[in-house]
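If you want the building blocks of each chain, they are given just below.
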Amino acid sequence: MPNLRTLELEQIWFEDEFFVALAESASGARLESIKHAGLPDISANVSQAYAKSICTMPKLKLLEINSVKIADEFFVALAESASGARLESIKHAGLPDISADVSQAYAKSICTMPKLKLLEITSVEIADEFFVALAESASGARLESISHAGLPDISADVSQAYAKSICTMPNLKTLKLFGVRIADEFFAALAKTASDARLESITHAGLPDISADVSQAYAKSICTMPNLKTLELCGVRIADEFFAALAKTVSDARLESIKHDGGPDISAAASQAYAKSICTMPNLKTLELGDVRIADEFFIALAEAASGARSESIRHDGGNDISVAASEAYAKSICTMPNLETLELGDGRIADEFFVALAESASRARLESITHFGDNDISAAASQAYAKSICTMPNLKTLELNRVMLADGFFVALAESASGAKLKSIKYNGGPDISVDASQAYAKSICAMSNLETLWLYRVTIADEFFVALAESASRARLESLLHVGGPVISAAASKAYAKSICVMPNLKTFELSDVRIADEFFIALSESASGARLESIKHDGGPDILAAASQAYSKSICSMPNLKILELSDLRIADEFVIALAESASRARLESIFHSGGPEISAAASQVYANSICTMPNLTFVELRDVRIADEFFAALSETASGAKLESMIHFGGPAISPDASQAYATSICTMPNLKTLELHDVRIADEFFVALAESASRARLESIKHIGGPDILPHASQAYAKSICTMPNLNTLELGDVRIADEFFVVLAESASKATVRHIA
């Protein structure tokens, strides 16, 4: 196949002859990617042929081998032919064990490949000789990234060789070690040759324990590497000496980002040294602490040195309780750092004094974004202070509160100071019930903020008064996007007010409802005001049953909105009247995209008009149907009006079985649509007649891409027709088949007609 670029083999039982034939024809292949996973065992001779073919393919850039039981001869042959390989990436995971001699050959091949940039080894049982050979040939390697995960244990001498090879590779920028059990000698050797390393990023996760002396050496090597910008330590059991050594050599460090997650308790002195080093690093912009057990002295020292820090982002998640004095110091340091723009607090056990101190210094803060996850209850006074600080910060644009236990005073204070806020986005997730007065105050503050563009309400237990107050002030709101998920039942009056506010907001473009328990009055009110709405996108997921009159009103409002381009309906319990009313007004709709998932069964009559509406909408270019229970009449009607459709992409997931006649009509409509370029069928239960009809009309199709996943067995004659249609379509570039149960005749016909096919990519 002259255009085939990607080959994926997963749990496919090939005979040995496949690999022999591959080697014979490899020089003519245009493959750029091979992904090979699972059985069967590949014999010695065939493994040798496989390796040679990989190195002979002139365009092959990516090789992924996952638990492929190849023989040792594969790696020997790989080493012999490596200099001719064009591979840029090797990803190798799982079995089998690789012997000493073969491990040596594998390492040499990696260092000999002239274009190999990425190496990923995951749980591969390689021998020590691999690392020794890697060190010997490292200076010739072109690797830019090494990712090494899992077993086996690496001995002392070999760990030393591994470190030297890392520092010797002239292009190596990224090193990732995940649960690699290396000896202390690795870190000692790393420190000795660190100044020669070209590494820009180190990610180190998991075992083993690192001793005091070696922890010290590790810190020194980090500060000595001239190009190291990113350091990630995840669950690494380093000693306190690491932080002391870091503080002593930190002025030489080029680090721009530190991500530190988990690990043992850090003593008071080490915590103090850690904070000082963070504020002293000349280029450090990002700090992430996750479940790091630091002492209070960290925050005291941070406050003392904060004015010299270059940090632009701090993310702090979990860890131990922070005392009153340390919480106060922490807030002051946040407001004192001259470049700090982003703050994320996740389940950080800070005292109320943090928020009080934040309010006192808020006007000096340079923060642009605050994300706050969880906490203990925040008192009324602290909640009030928190709201004031949010509205006082001169650059704060984004606020995200997730399960934060705020008191009602927060919302009251927010309303009082809202006009001074610079916020553009508020995301509020969960938290305690909000009282009537506080709900009212919250709505008023949203409409009073002159820069607020995005509001996200996620399972917030607000009172009905929120929606009534929102409607009263909606014309002053600057919101462009409103996303509402879950929450309590909304009364009829509040639902009505909510709909009116959505249509009155002068800038609102995006509206999303997910599992929101609104009353039918919402949809009636929406239809009454729809022509004034500025909405461009509606996404509606779940919620209570919508009765016939409300479903009809909803559909009419969708077609009446002058700017609405995108409609997404997921598991929405609408009545047939929705679809019927959609067809009546379809020619006036401005929709460009419909995504429809789940919901109740659609009757035959409603299915018929649904298809008509899809083909009648003058701007509709994209339709996705996911597990929609449509009747056969949908496909019959689709074929009748397909020539007038503007669709460019159709994606179809699941749904009920489609009869032979309807399957035939479906295929005909696909080939009749003058603009349809993309077709995706996922577990669609079509009959064999679909493929026969597809072959008959294939020459008229404008399809450029077909993705076909799952579905029922396809009989020989239909498989034969399917292959013919693929080779007959004049514009088809991409074909993807996944778990499609086709007969052998498909491949026979494909081979016979392959020279006529325009397909460039097969997966």
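Residues numbered from 1 in each chain as written. Predicted model: local features only at pLDDT ≥ 70, side-chain atom pairs only at ≥ 80, totals over all residues. Heavy atoms only, no water.

**Comments concerning the layout of surface pockets**
Item 1. Computed from the structure, the largest pocket encloses a volume of approximately 1300 Å³.
Item 2. Elements with a minimum of two residues in the lining of the largest pocket: β1 (6-10), α1 (16-25), β27 (734-738) and α27 (745-753).
Item 3. If one sorts the elements of the lining of the largest pocket by residue count, β1 sits on top with 5 residues.
Item 4. Residue composition of the lining of the largest pocket, grouped by class: 24 nonpolar, 4 polar and 5 charged.
Item 5. In this model, the second largest pocket occupies a volume close to 180 Å³.
Item 6. Those elements giving two or more residues to the lining of the second largest pocket turn out to be β1, β2 (33-37), β3 (62-66), β4 (89-93) and β5 (118-122).
Item 7. Each residue belonging to the lining of the second largest pocket can be placed in one class, and the counts come to 4 nonpolar, 4 polar and 6 charged. (1 Å grid on protein atoms, 1.4 Å probe; cavity = no way out; pocket = protein on both sides within 12 Å on 5 of 7 lines; lining within 4 Å. Points joined across faces, edges and corners; volume = space filled by probe spheres on them. Helix = DSSP H or I, 4+ residues; strand = E, 2+ residues; numbered from the N terminus. Nonpolar A, V, L, I, M, F, W, Y, C, P; charged D, E, K, R; others polar.)

**Here's the deal with a positive patch on the surface**
Item 1. A grouping of Arg 30, Lys 59, Lys 61, Arg 86, Lys 115, Lys 117, Lys 173, Lys 229 and Lys 285 is seen on the molecular surface, where their side chains present a positively charged patch.
Item 2. Position of Arg 86 relative to the elements: it lies in the loop between α3 (73-81) and β4.
Item 3. Classification of Arg 86 as partly exposed rests on a relative accessible area of 33%. (Patch = residues over 30% accessible without salt bridge, like charges linked within 9 Å, V, L, I, M, F, W, Y side chains within 5 Å. Areas by Shrake-Rupley, 256 points an atom, 1.4 Å probe, with all protein chains shown as cover. Salt bridge = Lys/Arg side-chain N within 4 Å of Asp/Glu carboxyl O. Lys, Arg positive; Asp, Glu negative; His and termini not counted. Charge placed at Lys NZ, Arg CZ, Asp CG, Glu CD. Buried < 20%, exposed > 50% of the residue type's maximum accessible area, 1.4 Å probe, protein only.)

**Comments concerning the pattern of salt bridges**
Item 1. Throughout the structure, instances matching the rule amount to 12 salt bridges.
Item 2. A salt bridge links Glu 601 to Arg 629; its shortest N-O distance comes to 4.0 Å. Here Glu 601 is found in the loop between β22 (593-597) and α22 (604-616), whereas its partner Arg 629 is found in the loop between β23 (622-626) and α23 (633-641), with 28 residues between them in sequence.
Item 3. Residue class for Arg 629 comes out partly exposed when judged on its relative accessible area of 39%.
Item 4. A single salt-bridge network, built from bridges that share partners, covers Arg 315, Asp 317 and Glu 344.

**Points about the nonpolar core**
Item 1. Tyr 442 and Tyr 498 are the most contacted members of the largest nonpolar core, which has 262 residues in total.
Item 2. Contact partners of Tyr 442, with chain neighbours within four places excluded, come to Phe 411, Leu 414, Ile 426, Tyr 428, Leu 455, Leu 457, Ile 462 and Phe 466. (Core = buried A, V, L, I, M, F, W, Y, C linked by side-chain atoms within 4.5 Å. Contact = heavy atoms within 4.5 Å.)

**Quick notes on the packing of helix α12 (residues 324-336) against helix α13 (residues 353-361)**
Packed helix pairs are characterised by how far apart their axes lie and by the angle those axes make with each other.
Item 1. Direction vectors running N to C along α12 and α13 enclose 30°, while the axes themselves pass 8 Å from each other. For the element pair α12 / α13, the angle class is roughly parallel. The crossing of α12 and α13 is right-handed. Counting all contacts with α12, which are made through Val 324, Ser 327, Glu 328, Tyr 330, Ala 331, Lys 332, Ile 334 and Cys 335, the residues of α13 involved are Glu 353, Phe 354, Ala 357, Leu 358 and Ser 361. (Axes fitted to C-alpha atoms, helices over the stretch in contact; angles between N-to-C directions. Parallel < 35°, antiparallel > 145°, perpendicular 65-115°, else oblique. Left-handed = near helix turned anticlockwise from the far one by under 90°.)

**Some thoughts on the packing of helix α11 (residues 297-305) against α12**
Item 1. Where α11 meets α12, the closest approach of the two axes is 8 Å, and the angle between their N-to-C directions is 35°. Where α11 crosses over α12, the two elements pack in a sense that is left-handed. Contacts from Phe 299, Ile 300, Leu 302 and Ala 303 in α11 reach Ala 325, Ala 326, Ala 329, Tyr 330 and Ser 333 in α12.
Item 2. Grouping the amino acids of the contact of α11 with α12 by side-chain chemistry returns 8 nonpolar, 1 polar and no charged.

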